[in-house]
Amino acid sequence: MIEVEKLTKKYGDLVAVKDLSFKVGKGKIWGLLGPNAAGKTTTMRILTGYLPATAGKASVSGFDVFEKPNEAKKIIGYLPEVVPLYPEMTVAEYLHFVAAIKQVPAAERRPALERTIETAGLKDVRNRLIQNISRGYRQRVGIAQALIHNPDVLVLDEPTIGLDPAQIIEIRGLIKSLKGDHTIILSTHILPEVTQTCDGVAIINEGRLMASGSLEELTASFRKNVGVILKLRRGHEEALAVLRELPGVETAVRHNGELAVEWNPDKDLREVIAQLVVEKGWGLLEMRTESLDIEDLYRQIVVGGIEQ
Amino acid sequence: MRNIWSIAKKEIKTYFSSPIAYVVIAVFLVLTGFFFYSALWWFNSQAIQMAQNPYYAQQMNINQMVYTPLFHNISIILLLMLPLLTMRLFSEEMKSGTDELLYTSPLSVSQIVLGKYLAALVVLAAMLGLSGSLSIFAFAFGNPELPQILNGYMGLFLMGAAFIATGLFFSSLTKNQVVSAILTFGALLLFWILNWAAYSASGIWKGVLNYLSIFQHFDDMTRGILDTKDLVYYLSFAFFGLFLTHSVILSRRWR
């Protein structure tokens, strides 16, 4: 659906994006994750036809964005980082204008407007001037303008930036509800956004792709050890000593009053450990598996500079 | 064409939903009315004096004595006010980030440029059309020649169209509306007085400078003379402005 191949963009001597390649399948939500100035916005601007690339290819539903820009633009809905709003228009007037320039035929504009206002939850503000509505509603209007021509692909640049926590949850819910009908690519530097809304992720840093894949694939490929966290009432020192001696265990450390035990991924020691703890009477309070989540992954990649 | 009109409609709506268009039109009408009134008053007092002398009374011509100076005055007002009308056209979009919406829509740059141009022309037409209503008084109490007046208004419109194209160009250069207005005003004034330089120039330069001067081409029109040379001048001036705007926008995106 969305294919980016060896995309490179230079601003003078500054390389904003270098040899970036990734693919997003139909009906998926893909996150473009990276720290600020990683090249997320540049990538999106190239994909939407706002900027030309220095080298490489990008296509949407088979339309090359450089060779067939108008065809590609017709099937892309784009929410830029700075929501492009005209404050002196009402919400309905604005959406009507966007429908017109996105080439929605005149007869279909009214129904498209109604549908979008419904989807984006803008009924209460439809006749208010954009300058008078709240930040959360403005973001919704921004999503609405991206949806008005019912595009196959949605490109959302930092859709939840600057919103309060309740609004963030609302917008994430809205984005999730659009999945399936639309292929969505969203950029963010907020980690939980990816785990909560996306099917897959492309992590970029300094304009390069560091890792990409579905969330499961990525966490699996980055996990070297598996393990559990134990919370005990007593006998920490003894437990540490005993667990370290257990065949297969690689490390056992005390951390924040809890014991973290890790072993090789080709074994499963959970049952053995549970039994042992109960037998020794250490007073088991809690036992949970520790999974290496996207946050660790991100930290490893961006801070540690590990390439896949 | 439909796309051009979509953009134009939005711009016209913006002009009239903010104070800009009203203020520009109102101030323009007040100034025009004042100049018209003074010219008419002067004509009137001359007429009373001349009434003693039938020979001179024959020489009285309302077109020459009221309209020719009026058109010159209006042209100066346009020179001052049109940059204020055009300054926001691209600058504001760039500043607020809404240009990203326009350029990621299936529109060509020329459609966007022409749409904005058309919107400003509509406001100009409204300004001139409303000021034309002043002529009711001239027709009620005198007998001016209509074709000559229409010719003058056409000259003003063409000149305004050239000014607007220049303003559009400077607006595409900067995010700052004030800078855009100042540059437009400076450029137009320079073109206006280019014929001054022609006095000291010699040979081919004299002709070139005279030809390039806006003022030189407008003078004939106020007298009711329509020369294709002047028509071509204004149209090519406007076309050149639009062409430069188009190039600036395209080249900025390729940088």
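Residues numbered from 1 in each chain as written. Chains lettered and ligands numbered in written order. Predicted model: local features only at pLDDT ≥ 70, side-chain atom pairs only at ≥ 80, totals over all residues. Heavy atoms only, no water.

Our next topic: a positive patch on the surface. All names here are of chain A. A grouping of Lys6, Lys10, Lys18 and Arg208 is seen on the molecular surface, where their side chains present a positively charged patch. Take Arg208: it is sitting in strand β10 (residues 208-214). By relative accessible area, Arg208 is classed as partly exposed at 42%. (Patch = residues over 30% accessible without salt bridge, like charges linked within 9 Å, V, L, I, M, F, W, Y side chains within 5 Å. Areas by Shrake-Rupley, 256 points an atom, 1.4 Å probe, with all protein chains shown as cover. Salt bridge = Lys/Arg side-chain N within 4 Å of Asp/Glu carboxyl O. Lys, Arg positive; Asp, Glu negative; His and termini not counted. Charge placed at Lys NZ, Arg CZ, Asp CG, Glu CD. Helix = DSSP H or I, 4+ residues; strand = E, 2+ residues; numbered from the N terminus. Buried < 20%, exposed > 50% of the residue type's maximum accessible area, 1.4 Å probe, protein only.)

Our focus in this paragraph is the sheet that holds β10 of chain A. One key point about sheets: their strands pair by backbone hydrogen bonds, in either a parallel or an antiparallel sense. All names here are of chain A. Strand order across the open sheet formed by six strands is β6-β7-β8-β3-β9-β10, with mixed pairing between neighbours. With one partner strand each, in any of the chains shown, β6 (76-79) and β10 form the two edges of the open sheet. Neighbour-to-neighbour, the strand axes of the sheet open up by a mean angle of 15°, direction not taken into account. In the packing of helix α1 (residues 40-47) onto the sheet, contacts are made with β3 (29-33), β6, β7 (153-157), β8 (183-188) and β9 (200-205), and the angle to β8 comes to roughly 150°. (Pairing = 2+ DSSP bridges. Axes fitted to C-alpha atoms, helices over the stretch in contact; angles between N-to-C directions. Contact = heavy atoms within 4.5 Å.)

Quick look at the side chain of Thr14 of chain B now. The residue Thr14 of chain B is located in helix α1 (residues 2-17) in this model. Judged by its relative accessible area of 5%, Thr14 of chain B falls in the buried class. A distance of 3.5 Å separates a polar atom in the side chain of Thr14 of chain B from a polar atom in the side chain of Glu88 of chain A. With near-sequence residues (within four places) excluded, Thr14 of chain B lies in contact with Glu88 of chain A together with Arg88 of chain B. (Polar contact = N/O pair within 3.5 Å; in protein donor to acceptor, adjacent residues only side chain to side chain.)

Right, let's get into the domain arrangement of chain A. Split by domain assignment, chain A resolves into domain 1 (2-216) and domain 2 (224-290). Put simply, the middle of domain 1 of chain A and the middle of domain 2 of chain A, counted by C-alpha atoms, are 45 Å apart. (Domains from an automatic or database assignment.)

How big an interface is tends to be expressed through the accessible area that disappears when the partners come together. Counting from both sides, the interface comprises 24 residues of chain B and, opposite them, 29 residues of chain A. Between chain B and chain A lies a buried interface of about 2,400 Å² when both sides are counted; carbon and sulfur atoms form 57% of it. Considering only the surface of chain B that becomes buried against chain A, Glu100, Leu101 and Pro106 of chain B emerge as the three largest contributors, covering 29% of it. Our count for the chain B to chain A interface comes out at one salt bridge. With a closest N to O distance of 3.0 Å, Glu100 of chain B and Arg45 of chain A form a salt bridge. On the surface where chain B and chain A come into contact, there are eleven residue pairs in polar contact (both at pLDDT 80 or more). (Buried area = accessible area lost by both parts, 1.4 Å probe.)

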